[in-house]
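# Structural overview
Here is what each chain is made of, one letter per residue.
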Amino acid sequence: MSDKKASNQMWGGRFASGPAAIMEAINASISFDRKLYAQDIRGSIAHSEMLAQTGIISAADQEKIAHGLNTILTEIEAGTFEFSTRLEDIHMNVEAHLAELIGPAAGRLHTARSRNDQVAVDLRLWVKDECFRVAEALKGLIAAFLERAEEHAATVMPGFTHMQAAQPVTFGHHCMAYVEMFSRDLSRVRDAIERMDESPLGAAALAGTSFPIDRHLTTRALGFREPMRNSLDSVSDRDFALEFLAIAAICATHLSRLAEEIIIWSTPQFGFVRLSDSFSTGSSIMPQKKNPDAAELVRGKTGRVTGHLVGLLTVMKGMPLTYGKDMQEDKESVFDAAETLDLMLAAMTGMVRDMTVNAAAMKKAAGAGYSTATDLADWLVRTLGLPFREAHHVTGRAVALAEEKKVGLDRLSLEDLQSVHPDITADIFSVLAVQNSVKSRTSFGGTAPSEVRKQIRYWKKRLAKA
């Protein structure tokens, strides 16, 4: 057997040409980092303009470079640009074609720059742009919840702890809980933009450059607040990518919690909501089924987003300063998490806007499970002056009596209630109905419809300014 044949068998299959093919396959990133083309060209044009303004290259060369880069941008967007794995990444693909278009002037573009600071600025620009997209999507989801909350500010439903009916609340109040939740996600996105708003361009490979560059000029041109202040950190930092993935994972978790509730609520056993046909599918064998597949997929994709966060944290945990090829693993995680989160937010916004709420089923369930027991205990404290612990015991006896008689607390007679405490009066019935229970919860942030409407007004004003 020849050495070549033995080598091919050893490496095997798709890598039949041996080690060179394996190295090309593991080293090339153009299959995914081509997503950075717009940011790469934008950064290169800003860099060339700075080089010309500082006299490092001629204005004529800069004009050729800018024209060539804009031509490449047009070709990529038209789908006529030919990407090559032999050229490894988006940076080398663009630079090679630039040389074909404008000749020797293309070689001046990389003056005072490295692929290390180039990829750092490209990815930072991409993540910053994505953060703005996520912020807009979150605002749309929050607006959808505000609409449903206003519509159902007084629609009674059961509130749960341990997935057991606890106290009656309103569906509007429940919707406003998600307004708070997704508003925190929006706040995290805005905070992350503030922290990542620094430009690494000009750090070169790791130590800066001896050319008289103007980093403040490129910073302004690229829309960053200021340049990063340490060249080592500039090329090694991926906190912005990690923070984006952390935000995405937290937001996806919130979306998954909501998806789980929608899945439960849409079952015949609950019947609280009905999803539109746009976000449901049927069964291949059971014609009666209407499956909440969109919500289930949102729930399932959460693990994917969280996995990307864990993956990149693991890549970065052993990275010494400054750059290592390991950091090439940052892009696929960020790109896929971003695409997944965008889809999850769009799907959930559509579900919230389109779903039909069954107010009658919610109200019926709100009265089950002795959900106004706490109202009874509070009345005993407030009206009869009982210590809360004693009131708790009295209420427990009333619940046991209602269970024995197989009726709700509000269906017990006055005589029944006086058998557990003789001082109870007919006034007790004013708090035992679920509608009265929710109306009484007027503390700040409570479920009373009047309080829910206050919070809706607050968040509408805040969202308008966001």
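Refer to the preceding data block for the structure.
The sections below set out a description of the structure shown in this document.

About the thresholds
Residues numbered from 1 in each chain as written. Predicted model: local features only at pLDDT ≥ 70, side-chain atom pairs only at ≥ 80, totals over all residues. Heavy atoms only, no water. Helix = DSSP H or I, 4+ residues; strand = E, 2+ residues; numbered from the N terminus. Rg over C-alpha atoms; globule rule 2.2 N^0.38 Å. Buried < 20%, exposed > 50% of the residue type's maximum accessible area, 1.4 Å probe, protein only. Contact = heavy atoms within 4.5 Å. Areas by Shrake-Rupley, 256 points an atom, 1.4 Å probe, with all protein chains shown as cover. Patch = residues over 30% accessible without salt bridge, like charges linked within 9 Å, V, L, I, M, F, W, Y side chains within 5 Å. Salt bridge = Lys/Arg side-chain N within 4 Å of Asp/Glu carboxyl O. Axes fitted to C-alpha atoms, helices over the stretch in contact; angles between N-to-C directions. Parallel < 35°, antiparallel > 145°, perpendicular 65-115°, else oblique. Left-handed = near helix turned anticlockwise from the far one by under 90°. Nonpolar A, V, L, I, M, F, W, Y, C, P; charged D, E, K, R; others polar. Core = buried A, V, L, I, M, F, W, Y, C linked by side-chain atoms within 4.5 Å. Phe/Tyr/Trp six-rings, centres within 6.5 Å; stacked < 30°, edge-to-face > 60°. Lys NZ or Arg CZ within 6 Å of the ring centre and 35° of its normal. Expected span 1.5 Å × (residues − 1). Lys, Arg positive; Asp, Glu negative; His and termini not counted. Charge placed at Lys NZ, Arg CZ, Asp CG, Glu CD. Pairing = 2+ DSSP bridges.

### Some details on the overall build of the chain
Counting its secondary structure elements, the chain contains 20 helices and 6 strands. At 31 Å, the chain has a C-alpha radius of gyration far larger than the 23 Å of a compact globule built from 466 residues. If you line up the chain on its principal axes, its C-alpha atoms span 100 × 60 × 40 Å. Looking at the chain as a whole, 48% of its 466 residues are labelled buried. The contacts in the chain between residues at least 6 apart in sequence include a share of 73% that link residues at least 24 apart. Taken as a whole, the chain presents about 22,400 Å² of accessible surface, with 53% of it coming from carbon and sulfur.

### Thoughts on a nonpolar patch on the surface
On the surface, Leu206, Leu232 and Leu321 cluster together to form a nonpolar patch covering roughly 270 Å² of accessible area. Relative to the assigned elements, leucine 321 resides in the loop between helix H12 (293-316) and helix H13 (330-354).

### Focus on unusual backbone geometry
Between leucine 321 and threonine 322 the backbone carries a cis peptide bond, its omega angle lying at 10 degrees. Checked against the element boundaries, threonine 322 lands in the loop between H12 and H13. A positive phi angle, near 60 degrees, is found at alanine 112, a position not held by glycine. Along the chain, alanine 112 falls in the loop between helix H6 (90-102) and helix H7 (115-151).

### Brief notes about the packing of H7 against H13
Between H7 and H13, the shortest axis-to-axis distance is 9 Å and the interhelical angle comes to 15 degrees. Here H7 lies roughly parallel to H13, going by the angle between them. The two elements H7 and H13 meet at a crossing, and its hand is left-handed. Its residues assigned to classes, the contact of H7 with H13 shows 18 nonpolar, 2 polar and 7 charged.

### Focus on the nonpolar core
One recurring pattern in soluble globular proteins is that nonpolar side chains are buried together. Val127, Phe145, Phe182, Leu255, Met348 and Met351 are the most contacted members of the largest nonpolar core, which has 98 residues in total. Among the elements that take part in this core, helix H11 (residues 239-265) stands out by supplying 16 residues, more than any other. Setting aside its immediate chain neighbours within four residues, methionine 351 contacts Leu275, Phe279, Ala294, Ala295 and Val298. Trp379, Leu409, Val420 and Val431 belong to the second largest nonpolar core, which has 20 residues in total.

### With respect to the environment of asparagine 116
By the secondary structure assignment, asparagine 116 is in helix H7. Distance in space between the C-alpha atoms of asparagine 116 and phenylalanine 272 is 54 Å, their sequence separation being 156 residues. Residues contacting asparagine 116, with those up to four places away along its chain left out, are Ala204, Ala205, Val235 and Tyr323.

### Here's the deal with the packing of aromatic side chains
For the structure on display, the rule yields 9 aromatic pairs. Relative to tryptophan 265, the ring of phenylalanine 171 has its centre 5.8 Å away and its plane inclined at 70 degrees; by these criteria the two rings are edge-to-face. Of this pair, phenylalanine 171 sits in helix H8 (residues 171-196) while tryptophan 265 sits in helix H11, placing them 94 residues apart in sequence. With respect to class, phenylalanine 171 is no different from tryptophan 265; both count as buried. Taken together, a centroid distance of 5.2 Å and an interplanar angle of 75 degrees make the contact between phenylalanine 270 and phenylalanine 272 edge-to-face. By way of ring pairs, the aromatic residues Phe145, Tyr178 and Phe182 are connected into one cluster. For arginine 133, the ring lying beneath its charged end belongs to tryptophan 126, and the centroid distance is 5.6 Å.

### Considerations on helix H15 (residues 373-384)
Counted at 1.5 Å a residue, the expected span for H15 with its 12 residues is 16 Å, and the 16 Å between its end C-alpha atoms agrees. Where H15 terminates, the next one or two residues include glycine 385, which has phi positive at roughly 75 degrees.

### Details of a positive patch on the surface
Residues Arg453, Arg457, Lys461 and Lys465 make up a contiguous surface patch of positive charge. The topology assignment puts lysine 461 in helix H20 (residues 449-465).

### Regarding the pairing of strand S2 (residues 164-170)
Each regular strand shows side chains that alternate between the opposite faces of the sheet. When strand S1 (residues 156-161) meets S2, the two strands line up antiparallel, connected through 6 bridges. Bridge pairing links glycine 159 to glutamine 167 in S2.

### A word on the packing of H8 against H20
At their nearest, the axes of H8 and H20 sit 10 Å apart, and the two run at 30 degrees to each other. Between H8 and H20, the crossing angle belongs to the class labelled roughly parallel. When the axes of H8 and H20 are compared, the crossing they make is left-handed. Across the interface between the two elements, Gly172, His173, Met176, Val179, Glu180 and Ser183 of H8 pack against Val452, Gln455, Ile456 and Trp459 of H20. Looking at side-chain class alone, the contact of H8 with H20 contains 5 nonpolar, 4 polar and 1 charged residues.

### As for the side chain of serine 333
Secondary-structure assignment places serine 333 in helix H13. Taking relative accessible area as the criterion, serine 333 reaches 11% and is therefore assigned buried. Excluding residues that lie within four positions of it along the chain, serine 333 makes contacts with Leu245 and His308.

### Notes on the pattern of salt bridges
Going through the model one piece at a time under the given rule, you end up with 26 salt bridges. Here arginine 225 ties to glutamate 198 by a salt bridge, and the two come within 3.5 Å at their closest N and O atoms. In this pair, arginine 225 is assigned in the loop between helix H9 (215-221) and strand S4 (226-227) and glutamate 198 in strand S3 (residues 198-199), connecting sequence segments 27 residues apart. Given the relative accessible area of 38%, arginine 225 is considered partly exposed. A residue is classified by how much of its surface remains accessible, and glutamate 198, at 21% relative accessible area, is partly exposed.

Distances and angles like these do not, on their own, reveal function.
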